[in-house]
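Tertiary structure, described
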Amino acid sequence: MAQPLFDLFAVTAPGCETSCVAELDALGLPAVAEHGGVAFRGELADIYRANLWLRSASRILVRFAEIRACSFPELFQKSVRLPWGRFLRSQTPLEIRAVCRRSRLMHTGRIAETLTAAISRALGGNREPAGAQGPAQRVLVRFEDDRALISIDSSGELLHRRGYRLEQGAAPLRETLAAALLGEVGWQPHLPLWDPMCGSGTLLIEAAHLACRRAPGLQRTFAFEHWPRFRAGRWQVLRQQAMAAMTHPSALLLHGSELDPDLLAVAGRNAERAGVAEYLALRAGDFRHLSVPTGPGILLCNPPYGQRIGESHNLAAFFAEFGRFLRTRAVGWRGGFLLPDSGLARATGLNLRAGPVFAHGGLSVPLYLFSIS
């Protein structure tokens, strides 16, 4: 019997869309990049697989319904007829988030109240707080031109929360961004990877998980596990298949250095929690005074700027020296670095190509790509 197909949407941070499309294609789920993420279709099991395997997505939404409403009574009457029982139990607590644009219904609080009342009526529950059971189910509503797109969040906590990064330094990379960066520079597990300013180690840890074929969602729970039609047996099979797919590379070359020894210790502890400490070669000290790893390979980093390096430093001089170091000591290496200031990027003197622009630390930050010959 054919399983129903759902319209799905992988929410991504800006810049991560291309990586997410590639990941979904690898799962056999053709996808199309849209504003804010990637659209695709799939069965219930595909919702499980996407949450389990996607490295660059923030959350997976089910595009549940689209309705037109010009008044709150109309919103209630149309919402109450929707098949909420597919995703909600009568006592499931709700978290409804609404955004509005060019619509007659602009009061987001009242939209949430109206939907809560409609869901309560549809499920036949009183939805009193005392009767709430389990974690809250997030329902997202986007009103535009009097049309409401209602989505059900299948993920729960954001997908970048893999469970290992319990400590971090200033301006840390999210795991989802680190995974996207690895894809953009074309890193493959047979190539050495070098992060000369590795911070809390996220880039290297994500690379190790990728090389080990470790599903990023293997050690966490998801919102879909509380749906009425959750298939626990199928989910267990998918988890078992993911564990069986894991490998243990014998010659993985992942190198990192960090000037701050305390922060390097954080990277080591994060790697231990992630189960990949054995694959990382971490060294304390200024990368400019350390030997370059055996290569060539891929150099990728989130270099210090602003808060991370301190406003009293001469940033242009630092990046000029960074560029000289790479040109003289890292011949044959290629890769990229994140930097929000194009002037500082030019100060490196490298032949740079601007890649995607990512959202990082509240800024729009381009990835600058280079190859040193």
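The model shown is predicted, which means the values in this text are computed figures rather than measured ones.

1. Looking at the overall build of the chain
A tally of helices and strands in the chain yields ten helices and 14 strands. Its C-alpha atoms give the chain principal-axis dimensions of about 70 × 45 × 40 Å. The burial tally for the chain puts 52% of its 373 residues in the buried class. Sequence separation of at least 24 residues holds for 77% of the intrachain contacts in the chain that already meet a minimum separation of 6. Surface exposure of the chain reaches about 16900 Å², of which carbon and sulfur atoms provide 51%. In the chain, which carries 42 positive and 32 negative side-chain charges, the distance between the mean positions of the two groups comes to 4 Å.

2. A look at the domain arrangement of the chain
Under the domain assignment, the chain is made up of domain 1 (6-153) and domain 2 (175-215 + 248-372). Here the C-alpha centre of domain 2 lies 36 Å away from the C-alpha centre of domain 1. Contacts between domain 1 and domain 2 engage ten residues on the former and 15 residues on the latter. Summed over the three residues of domain 1 that lose the most area to domain 2, namely Pro14, Gly15 and Arg55, the buried surface amounts to 52% of that side. Across the domain 1-domain 2 interface, the total number found is zero salt bridges. Linking domain 1 to domain 2 there are three residue pairs in polar contact (both at pLDDT 80 or more). Residue assignment for the side of domain 1 that touches domain 2 shows that the elements contributing at least two residues are α1 (17-26) and α2 (44-53). For the side of domain 1 that touches domain 2, the residue count by class is five nonpolar, four polar and one charged.

3. A few points about helix α3 (residues 72-79)
Those residues of α3 that fall on the buried side of the exposure criterion are Phe72, Leu75, Phe76 and Ser79. Each buried residue of α3 lies within a common arc of 100° when the element is viewed along its axis, so the set occupies one face. Its buried side turned inward, α3 meets β4 (59-68), α4 (108-123) and β6 (137-144). Backbone nitrogen of Glu74 and a side-chain oxygen of the N-cap are separated by 3.2 Å at the start of α3; the cap is Ser71.

4. Quick word on the sheet that holds strand β5 (residues 94-101)
Strand pairing in a sheet is mediated by backbone hydrogen bonds. Such pairs are either parallel or antiparallel. Ordered by their spatial adjacency, seven strands build an open sheet running β2-β3-β1-β4-β7-β6-β5, and the pairing between neighbours is mixed. Looking at which strands have only one partner, the edges of the open sheet turn out to be β2 (31-34) and β5. Between one strand and the next, the sheet's axes are offset by a mean angle of 30°, whatever the strand orientation. In this sheet, β4 lies alongside strand β1 (residues 6-11) in antiparallel orientation, the contact comprising four bridges.

5. Digging into the confidence of the model for the chain
Residues of the chain with pLDDT of at least 70 account for 95%, and the chain-wide mean is 92. The low-confidence segment residues 308-312 (pLDDT under 50) makes nine contacts with residues lying over four places distant or belonging to another chain.

6. Observations regarding helix α8 (residues 261-274)
A rise of 1.5 Å per residue sets the reference length of α8, with its 14 residues, at 20 Å; its end C-alpha atoms lie 20 Å apart and thus fit the reference within 8%. Among all positions of α8, only Leu263, Leu264, Val266, Ala267, Asn270, Ala271 and Ala274 are buried. Down the axis of α8, the buried set is contained in an arc of 150°. They therefore lie on one face. Opposite its buried face, α8 presents the exposed residues Pro261, Asp262 and Glu272, each directed more than 90 degrees away. The N-capping residue of α8, defined by a side-chain oxygen 2.9 Å from the backbone nitrogen of Asp262, is Asp260.

7. Re the sheet that holds strand β12 (residues 334-338)
Taken together, seven strands build an open sheet; the order of strands is β10-β9-β8-β11-β12-β14-β13 and the sheet is mixed. The open sheet terminates on both sides in strands that have one partner only, identified here as β10 (280-284) and β13 (353-360). Averaged over all neighbouring strand pairs, the angle between strand axes comes to 20°, with direction disregarded. Here strand β9 (residues 254-258) pairs with β10 via five bridges, running parallel. Paired with Ser257 across the strands is Arg283, a residue of β10. Lying on the sheet, α8 is in contact with β9 and β10; it crosses β10 at an angle near 165°.

Calculation notes
- Residues numbered from 1 in each chain as written.
- Predicted model: local features only at pLDDT ≥ 70, side-chain atom pairs only at ≥ 80, totals over all residues.
- Heavy atoms only, no water.
- Helix = DSSP H or I, 4+ residues; strand = E, 2+ residues; numbered from the N terminus.
- Buried < 20%, exposed > 50% of the residue type's maximum accessible area, 1.4 Å probe, protein only.
- Contact = heavy atoms within 4.5 Å.
- Areas by Shrake-Rupley, 256 points an atom, 1.4 Å probe, with all protein chains shown as cover.
- Lys, Arg positive; Asp, Glu negative; His and termini not counted.
- Charge placed at Lys NZ, Arg CZ, Asp CG, Glu CD.
- Domains from an automatic or database assignment.
- Buried area = accessible area lost by both parts, 1.4 Å probe.
- Salt bridge = Lys/Arg side-chain N within 4 Å of Asp/Glu carboxyl O.
- Polar contact = N/O pair within 3.5 Å; in protein donor to acceptor, adjacent residues only side chain to side chain.
- Nonpolar A, V, L, I, M, F, W, Y, C, P; charged D, E, K, R; others polar.
- Arc of directions from axis to C-beta.
- Pairing = 2+ DSSP bridges.
- Axes fitted to C-alpha atoms, helices over the stretch in contact; angles between N-to-C directions.
- pLDDT = per-residue confidence, 0-100.
- Expected span 1.5 Å × (residues − 1).

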